[in-house]
Amino acid sequence: MIAFNEQKNCQWRIAKRPNGNVKESDFLYDETEIPTIENGEILLKTLYLNIAPVMRMYMSGESVANEASLNIGDVIHGRGVAEVIKSKHPSYHVGEIHQGQIGWQTFKKSKVTTAEKFRKIKDYKLPYSIGLSTLGMTGFSAYFGFIDCGKPKKNETVVISGAAGGVGTNVVQLAKIYGCRVIGIAGSDQKCELIEALGCDGVINYKKENVRNSIEALCADGIDIYFDNVGGEILTICLDNLAKKSRVVLCGSISEYLNDKPFGPTNYTKLRKTNSLMQGFFVYNYEDQFHVAEKNLARWIQEKKIKPIEHMFDGFQNMPKALASIYDGKNSGVAMCRIRKGPYEN
Ligand SMILES: NC(=O)c1ccc[n+]([C@@H]2O[C@H](COP(=O)([O-])OP(=O)(O)OC[C@H]3O[C@@H](n4cnc5c(N)ncnc54)[C@H](OP(=O)(O)O)[C@@H]3O)[C@@H](O)[C@H]2O)c1
């Protein structure tokens, strides 16, 4: 574990709006006093912080994912897993571990507002980082995007881009549970090996192969579900290769986040030819059903049908580097940073 000042609340704030990928100079490190709490408040000690593509958008000042837009000098938004260490709130108890909007800091004082979306993590006898991976927003995005929007049927051909990433590794495994034939697209041979081990029937290394040729070869009868994590050129190619009554699920478009101009596929009219549907979704629109996703995903983990894949960076000091590295494709599975060791970790 990389040490930091335990006597202070260590924070990462925005120093500059990013231009292209984030750089160390876009971040400002700060140490403030550990907050004291009033009636109705709790104090949490951070264990793990999620590293997600959306955090660069927060730094750019965009108001995304229902979070307030940030100014220069603000602590960066981010979901985390944290232990309640003090409580003056009747519904929160010392020792409980919650996931929610913690921000890039080592302690968090909270009035437990709805906007912070805290969820208590049950004791699954697994490291509580699971509350940021399969049993958190990443797993829930895979669950609702694939099942509710994708409407999978047995033997259908499913193509997943960003397949070795956080959402992607969960969708690959869900698609196998639903009896689909799964083609995963990822950015290195090691990542392709990982998603093959998770059940992919075919893999495409988009940095080495001609994706159009590979899709045409692997999906000769067309794609029934395209789960899109990346947008851009790969979306265009998949739209050209849809089967009749196929579904295109718009989860994310990471290939476009660093560009100034938004990308628009010129061939969206291909949906017409195949009676296909294209549907976007936002995970928090399913908030009233999170308990259902958690119950099913937890059961599949216990039945060894889903293996949570986590890419753990170590140390609060490494948060900026960790965020930059996901845009460089360094992570396999859900990227997060260990701030302190939690229960069930070796
Ligand atoms: N709709 C929602 O509610 C919702 C919720 C959560 C996440 N999302 C979106 O879902 C997507 C996946 O999220 P995640 O958190 O699981 O992230 P992630 O997949 O772990 O993101 C990082 C991965 O994206 C890939 N990548 C980076 N730049 C790329 C590029 N230019 N072209 C293609 N791939 C690129 C890299 O893998 P390679 O090495 O394979 O390139 C990298 O490892 C993101 O677009 C995110 O914004 C949406």
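Preceding this section is the structure that the text describes.
The following refers to the structure shown.

A short note on the overall build of the protein chain
Then, in step 1: On a plain count of helices and strands, the protein chain comes out with 9 helices and 15 strands.
Then, in step 2: Against the 2.2 N^0.38 benchmark of 20 Å for 346 residues, the protein chain shows a C-alpha radius of gyration of 20 Å, consistent with a compact globule.
Then, in step 3: Based on the C-alpha atoms only, the size of the protein chain along its principal axes is roughly 60 × 45 × 35 Å.
Then, in step 4: Residue burial in the protein chain is summarised as follows: out of 346 residues, 46% are buried.
Then, in step 5: Expressed as a percentage of contacts within the protein chain between residues at least 6 apart in sequence, the contacts between residues at least 24 apart total 66%.

Some thoughts on the environment of Ser91
Then, in step 1: Among the secondary structure elements, Ser91 is positioned in the loop between strand 4 (79–87) and strand 5 (97–101).
Then, in step 2: With 10 C-beta atoms counted inside 10 Å, the residue Ser91 sits in the exposed group.

Quick word on unusual backbone geometry
Then, in step 1: We note that Lys304 has phi near 60°; this positive angle belongs to a residue other than glycine.
Then, in step 2: Relative to the helices and strands, Lys304 is located in the loop between helix 8 (290–302) and strand 14 (310–314).
Then, in step 3: One non-glycine residue, Tyr344, lies in positive phi territory at about 70°.
Then, in step 4: Relative to the helices and strands, Tyr344 is located in the segment after strand 15 (334–338).
Then, in step 5: Tyr344 gets classed as partly exposed once you count the C-beta atoms within 10 Å, which come to 13.

A look at the site of the ligand
Then, in step 1: Close to the ligand lie 30 residues; Gly165, Gly166, Gly187, Gly252 and Gly329 are nearest.
Then, in step 2: Only helix 2 (137–149), helix 3 (166–177) and helix 9 (319–327) provide two or more residues apiece to the shell around the ligand.
Then, in step 3: The leading source of residues in the shell around the ligand is helix 3, at 3 residues.
Then, in step 4: Looking at side-chain class alone, the shell around the ligand contains 15 nonpolar, 14 polar and 1 charged residues.
Then, in step 5: Split by domain, the residues of the shell around the ligand number at least three in each of domain 1 (8–133 + 309–338) and domain 2 (137–284).

Some points on the environment of Ala175
Then, in step 1: Position of Ala175 relative to the elements: it lies in helix 3.
Then, in step 2: Each C-alpha atom of the pair Ala175 and Cys200 lies 9.1 Å from the other, and the pair is 25 residues apart in sequence.
Then, in step 3: When neighbours within four sequence positions are excluded, Ala175 is seen to be in contact with Phe146, Pro152, Val158, Cys180 and Val182.

Details of the sheet that holds strand 8 (residues 157–160)
What holds strands together in a sheet is hydrogen bonding between their backbones, with the strands either parallel or antiparallel.
Then, in step 1: Strand order across the open sheet formed by 6 strands is 10-9-8-11-12-13, with parallel pairing between neighbours. A strand with exactly one partner marks an edge of an open sheet, and here the two such strands are strand 10 (202–205) and strand 13 (277–280). Within the sheet, the average angular offset between the axes of one strand and its neighbour, ignoring direction, is 15°.
Then, in step 2: With 5 bridges joining them, strand 11 (residues 223–228) and strand 12 (residues 242–250) adopt parallel strand pairing. Each bridged residue has a counterpart across the sheet, and for Tyr226 the counterpart in strand 12 is Val248.
Then, in step 3: Helix-sheet contacts for helix 2 involve strand 11, strand 12 and strand 13, and the interaxial angle to strand 12 is about 150°.
Then, in step 4: Each of strand 8, strand 9 (181–186) and strand 10 touches helix 5 (residues 211–218); the most contacted strand, strand 10, lies at about 175° to it.

Looking at the pairing of strand 10
Then, in step 1: Bridging between strand 9 and strand 10 involves 4 bridges; their strand directions are parallel. If you follow Ile185 over to strand 10, its bridge partner there is Ile204.
Then, in step 2: At this point the chain moves from strand 9, through helix 4 (residues 189–197), to the parallel strand 10, and the crossover so formed is right-handed.

Considerations on helix 9
Then, in step 1: Every buried residue belonging to helix 9 is among Met319, Pro320, Ala322, Leu323 and Ile326, and all of these are buried. Seen along its axis, helix 9 keeps its buried residues to an arc of 165°; they face one direction.
Then, in step 2: Two residues or fewer past helix 9, Gly329 is found with a positive phi of approximately 75°.

Quick word on the nonpolar core
Then, in step 1: Grouped together as the largest cluster of nonpolar side chains are 95 residues, with contacts concentrated most on Ile51, Val159, Ile195 and Cys337.
Then, in step 2: Residue-level mapping places this core at the junction of two domains, with at least three residues from each of domain 1 (8–133 + 309–338) and domain 2 (137–284).
Then, in step 3: Those residues in contact with Ile51, other than ones at most four positions away along the chain, are Phe313, Ala322, Leu323, Ile326, Ala335, Met336 and Cys337.

Parameters and conventions
Residues numbered from 1 in each chain as written. Predicted model: local features only at pLDDT ≥ 70, side-chain atom pairs only at ≥ 80, totals over all residues. Helix = DSSP H or I, 4+ residues; strand = E, 2+ residues; numbered from the N terminus. Rg over C-alpha atoms; globule rule 2.2 N^0.38 Å. Buried ≥ 20, exposed ≤ 12 C-beta atoms within 10 Å, placed from the backbone. Contact = placed C-beta atoms within 7 Å. Near = placed C-beta within 6 Å. Nonpolar A, V, L, I, M, F, W, Y, C, P; charged D, E, K, R; others polar. Domains from an automatic or database assignment. Pairing = 2+ DSSP bridges. Axes fitted to C-alpha atoms, helices over the stretch in contact; angles between N-to-C directions. Right-handed = clockwise from strand over helix to strand, strands pointing away. Arc of directions from axis to C-beta. Core = buried A, V, L, I, M, F, W, Y, C linked by C-beta atoms within 7 Å.

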